[in-house]
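# Topology and contacts: notes
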There are 2 protein chains.
Amino acid sequence: MEQPLRVCLIGSGNVATHLGTALSQVAKVVQIYSHSLQNATALAEQCGCESVTDSLSMITADADLYLVSVKDDAIASVVESTPQAQGGVWAHTSGSVPMTVFAGYKERYGVFYPLQTFSKDLKIKVREVPIFIEGYDASTTDFLLRLARRISDNVTEADSTLRKKLHVAAVFACNFVNLMWIEADELLKESGLGIEFLRPLLKETLGKLDRVSPADAQTGPACRGDRHVIDEHLNMLSDEKRELYSMLSEIIIKRYINE
Amino acid sequence: MEQPLRVCLIGSGNVATHLGTALSQVAKVVQIYSHSLQNATALAEQCGCESVTDSLSMITADADLYLVSVKDDAIASVVESTPQAQGGVWAHTSGSVPMTVFAGYKERYGVFYPLQTFSKDLKIKVREVPIFIEGYDASTTDFLLRLARRISDNVTEADSTLRKKLHVAAVFACNFVNLMWIEADELLKESGLGIEFLRPLLKETLGKLDRVSPADAQTGPACRGDRHVIDEHLNMLSDEKRELYSMLSEIIIKRYINE
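Summary of the structure given here.

Cut-offs and rules
Residues numbered from 1 in each chain as written. Chains lettered and ligands numbered in written order. Predicted model: local features only at pLDDT ≥ 70, side-chain atom pairs only at ≥ 80, totals over all residues. Heavy atoms only, no water. Salt bridge = Lys/Arg side-chain N within 4 Å of Asp/Glu carboxyl O. Helix = DSSP H or I, 4+ residues; strand = E, 2+ residues; numbered from the N terminus. Buried < 20%, exposed > 50% of the residue type's maximum accessible area, 1.4 Å probe, protein only. Least-squares fit on C-alpha atoms with pLDDT ≥ 70 in both. Contact = heavy atoms within 4.5 Å. Axes fitted to C-alpha atoms, helices over the stretch in contact; angles between N-to-C directions. Parallel < 35°, antiparallel > 145°, perpendicular 65-115°, else oblique. Nonpolar A, V, L, I, M, F, W, Y, C, P; charged D, E, K, R; others polar. Pairing = 2+ DSSP bridges. Buried area = accessible area lost by both parts, 1.4 Å probe. Polar contact = N/O pair within 3.5 Å; in protein donor to acceptor, adjacent residues only side chain to side chain.

Quick look at the pattern of salt bridges now. Scanning the entire structure with this criterion turns up 32 salt bridges over all chains. The residue Asp-210 of chain B makes a salt bridge to Arg-199 of chain A at a minimum N-O spacing of 2.8 Å. Highlighted residues: Asp-210 of chain B in the loop between helix H6 (199-208) and helix H7 (214-217) and Arg-199 of chain A in helix H6 (residues 199-208), drawn from two different chains. With a relative accessible area of 53%, Asp-210 of chain B lands in the exposed category. Via salt bridges that share partners, Glu-183, Glu-186, Glu-240 and Lys-241 of chain A together with Arg-255 of chain B belong to a single interconnected network.

In structure tokens:
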């Protein structure tokens, strides 16, 4: 029988927790590093792992994969402070850090980027999470692709440029979307309600994307060019909300009416 | 046994279809008007209704409820061209038309506003749809509230001001959100991908709202005050997208970093 892959997890945050737990089903997690031994120990229990450390210099030299899931701006210092590791592959899980962070420090390296927002206490179906893989050479890419496909059905090769594009798209699709929900929540709170009244509508708005492109799904006063309703709405809003409403409506009008 | 309520549906679009079908389970749909007899007939079959018309002057005088689900700017002319109807209650289903559109034309009137986006071919759980009710007097309000509660578990009284606020909140939470998805989709298409790669992320982003307020759910470079990533992203974007990214990031920075 083939020996299971030996994985060293570096980090014990949300991404490390979800990927580590999924990987522990198809590989052996041999060591977990965290600057918090307590967090490392908690994750080790979930992964059936027997070795934890809070010292980068104690990281094992004989893992097959080193998965670096620490904050973006801590990746470089982790890379510099850890052993080369005898042919093991190093990969980080960040959408915005280039693969070249490993260059000069490690022999084999790549990126293992799950495009999902993880909360520690929340179950995520890793099998549905898109994972984007980059490797510094064909055999490393192949190694990471194969491993990723064992835990997810949605694995794609993506170089650093594409990964960056995914990240900026996610900023629009999630971060800016959340800002819109903040504005809506505040408006409703003025009347003693809250965003929860919009939840069925939000669910359906998202559900529409299963059937039509967002360009075909656009609705609302701006999309109809209904200046009367737009003006009424602007009169109800103040400052930030008015400026935002106006700018976004003009973009929609330009797209749907003026073309 | 109590006689079932007699409902006349005016309109055969998405809202009329979903509300009409739900109402037909708890009341008797006695007539359906549409300027398209074909649409009226199709909906009549779903509602077990035996009378359809494409003539406003032929609308029955003895229904208990006249539900006006036509386009916003057609409501006034429908109201003017139909009989007063002997004590029956008239209600429209619009978020943005004031109740007073009925004043002077009907005796008893109100609003029956479902806060949901409906597609004709898609099943919606009407029981989960928030319905907002306004009546011109207490007994009409009561009548509409009781009826709404028979088809939905989420019924709230809302005057025209609150309804307008709900509408503007929905513009932020849905219409502007959809614009963000258009931008993300376009960005991904430049790389041969599409919004479908973000779907698990979007689902989880929306799912978060079940547990935390949007203000607590905000993530991303602007929320962290990460000017380095923001500048990188701005350099990748052109024109509309760059301006939009910059404006929205500054709003988030102002909210999360500069306060």
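Moving on, we get to the relation of the copies chain A and chain B. At an RMSD of 0.0 Å, chain A and chain B line up after a rotation of 180 degrees and a shift of 0.0 Å along the axis. In the structure described here, the two chain copies are related by an operation that fits a two-fold rotation axis. The rotation axis passes nearest to the C-alpha of Val-177 of chain A in chain A, at a distance of 2.6 Å. Taken together, the interface assignments show that 100% of the residues at the interface of chain A recur at the interface of chain B, consistent with an identical surface on both copies.

Right, let's talk about the packing of helix H5 (residues 160-189) of chain A against helix H5 (residues 160-189) of chain B for a bit. For any two helices packed against each other, the geometry comes down to the angle between their axes and how far apart the axes lie. Following both chains from N to C, one finds H5 of chain A and H5 of chain B inclined at 175 degrees, their axes separated by 9 Å at the closest point. Between H5 of chain A and H5 of chain B, the angle falls in the class roughly antiparallel. Of the residues contributing to the contact of H5 of chain A with H5 of chain B, the split by class is 24 nonpolar, no polar and 4 charged.

So, about the environment of Gly-194 of chain B. All names here are of chain B. With respect to the secondary-structure elements, Gly-194 resides in the loop between H5 and H6. Classification of Gly-194 as buried rests on a relative accessible area of 2%. For Gly-194 and Ile-182, which are 12 residues apart along the polypeptide, the C-alpha to C-alpha distance reads 10.0 Å. Residues within four places of Gly-194 in sequence aside, it is in contact with Asp-185 and Leu-188.

Following the sequence through the fold, Asp-231 of chain B ends up in helix H9 (residues 227-236). Placed 15 residues apart in sequence, Asp-231 of chain B and Ser-246 of chain B show a C-alpha to C-alpha distance of 9.1 Å.

Turning our eyes to something else, we now look at the sheet that holds strand S8 (residues 155-157) of chain A. An order of S3-S2-S1-S4-S5-S6-S7-S8 (chain A) is seen for the 8 strands of this open sheet, with the pairing classed as mixed. Two strands bound the open sheet, and with one partner strand each, they are strand S3 (52-53) and S8 of chain A.

At the interface, 79 residues of chain A touch 79 residues of chain B. Each partner contributes to the roughly 8200 Å² buried at the junction of chain A and chain B, and carbon and sulfur atoms together form 71% of this total. Inspection of the chain A/chain B interface yields 12 salt bridges. A salt bridge links Glu-232 of chain B to Lys-164 of chain A; its shortest N-O distance comes to 3.7 Å. Taken together, the links from chain A to chain B amount to 29 residue pairs in polar contact (both at pLDDT 80 or more). Elements supplying a minimum of two residues to the side of chain A that touches chain B: H5, H6, helix H7 (214-217), helix H9 (227-236) and helix H10 (239-256) of chain A. Per-element accounting of the side of chain A that touches chain B gives the leading share, 26 residues, to H5 of chain A. Broken down by class, the residue content of the side of chain A that touches chain B amounts to 46 nonpolar, 15 polar and 18 charged.

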